[in-house]
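Listed here are the chains, written in short residue letters.
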Amino acid sequence: MQRTILDEFLTRFKEAAAALVVGDPQDSKTNMGPVVSETHYNKVTSYLSIAEYEN
């Protein structure tokens, strides 16, 4: 990520993430359904760990 655009990117990313609707995948307003298995959970949390490590 180029330092010159980092602040703007983070601001926009946080706004987009905050606008996501997590819930029932059959609801048309839902953007993201639930994590449905331990395998999926582990995959998602591994991505979060990578993101934290890379800051």
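The coordinates are above.
Residues numbered from 1 in each chain as written. Predicted model: local features only at pLDDT ≥ 70, side-chain atom pairs only at ≥ 80, totals over all residues. Heavy atoms only, no water.

Peer 1: What exactly am I supposed to notice about the overall build of the protein chain here?
Peer 2: When helices and strands are tallied, the protein chain shows 2 helices and 0 strands. Taken over C-alpha atoms, the radius of gyration comes to 14 Å for the protein chain, far larger than the 10 Å a tight globule of 55 residues would show. Burial statistics for the protein chain: of 55 residues in total, 2% are counted as buried. Carbon and sulfur atoms make up 56% of the accessible area of the protein chain, which totals about 5300 Å². Computed over 5 positive and 8 negative side-chain charges, the inter-centroid distance for the protein chain is 5 Å. (Helix = DSSP H or I, 4+ residues; strand = E, 2+ residues; numbered from the N terminus. Rg over C-alpha atoms; globule rule 2.2 N^0.38 Å. Buried < 20%, exposed > 50% of the residue type's maximum accessible area, 1.4 Å probe, protein only. Areas by Shrake-Rupley, 256 points an atom, 1.4 Å probe, with all protein chains shown as cover. Lys, Arg positive; Asp, Glu negative; His and termini not counted. Charge placed at Lys NZ, Arg CZ, Asp CG, Glu CD.)

Peer 1: Sorry, what's going on with the layout of surface pockets here?
Peer 2: The rolling of a water-molecule-sized probe over the atoms marks out the regions of remaining empty space. Taken as a whole, the largest pocket spans an internal volume of roughly 250 Å³. Lining of the largest pocket is provided by Phe9, Leu10, Phe13, Leu48, Ala51, Glu52, Glu54 and Asn55. For the lining of the largest pocket, the elements supplying multiple residues, two or more each, are helix H1 (3-19) and helix H2 (38-54). Top contributing element to the lining of the largest pocket by residue count: H2, with 4 residues. (1 Å grid on protein atoms, 1.4 Å probe; cavity = no way out; pocket = protein on both sides within 12 Å on 5 of 7 lines; lining within 4 Å. Points joined across faces, edges and corners; volume = space filled by probe spheres on them.)

Peer 1: How do you make sense of the pattern of salt bridges when you look at a structure like this?
Peer 2: Between side chains of opposite charge, a pair can form when the charged atoms approach closely. In total, this model carries 1 salt bridge according to the counting rule given. Arg12 is paired through a salt bridge with Glu8; the nearest N and O atoms lie 2.7 Å apart. With Arg12 and Glu8 both in helix H1 and 4 residues apart, the pair spans about one turn of that helix. Given the relative accessible area of 44%, Glu8 is considered partly exposed. (Salt bridge = Lys/Arg side-chain N within 4 Å of Asp/Glu carboxyl O.)

Peer 1: Explanation requested: the packing of aromatic side chains in the structure shown.
Peer 2: The description of an aromatic ring pair uses the distance of the two centres, along with the angle that the planes make with each other. Inspection of every chain in the model, using the stated rule, returns 1 aromatic pair. Relative to Phe13, the ring of Phe9 has its centre 5.8 Å away and its plane inclined at 25°; by these criteria the two rings are stacked. Of this pair, Phe9 and Phe13 both sit in helix H1, 4 residues apart, which is roughly one turn of that helix. (Phe/Tyr/Trp six-rings, centres within 6.5 Å; stacked < 30°, edge-to-face > 60°.)

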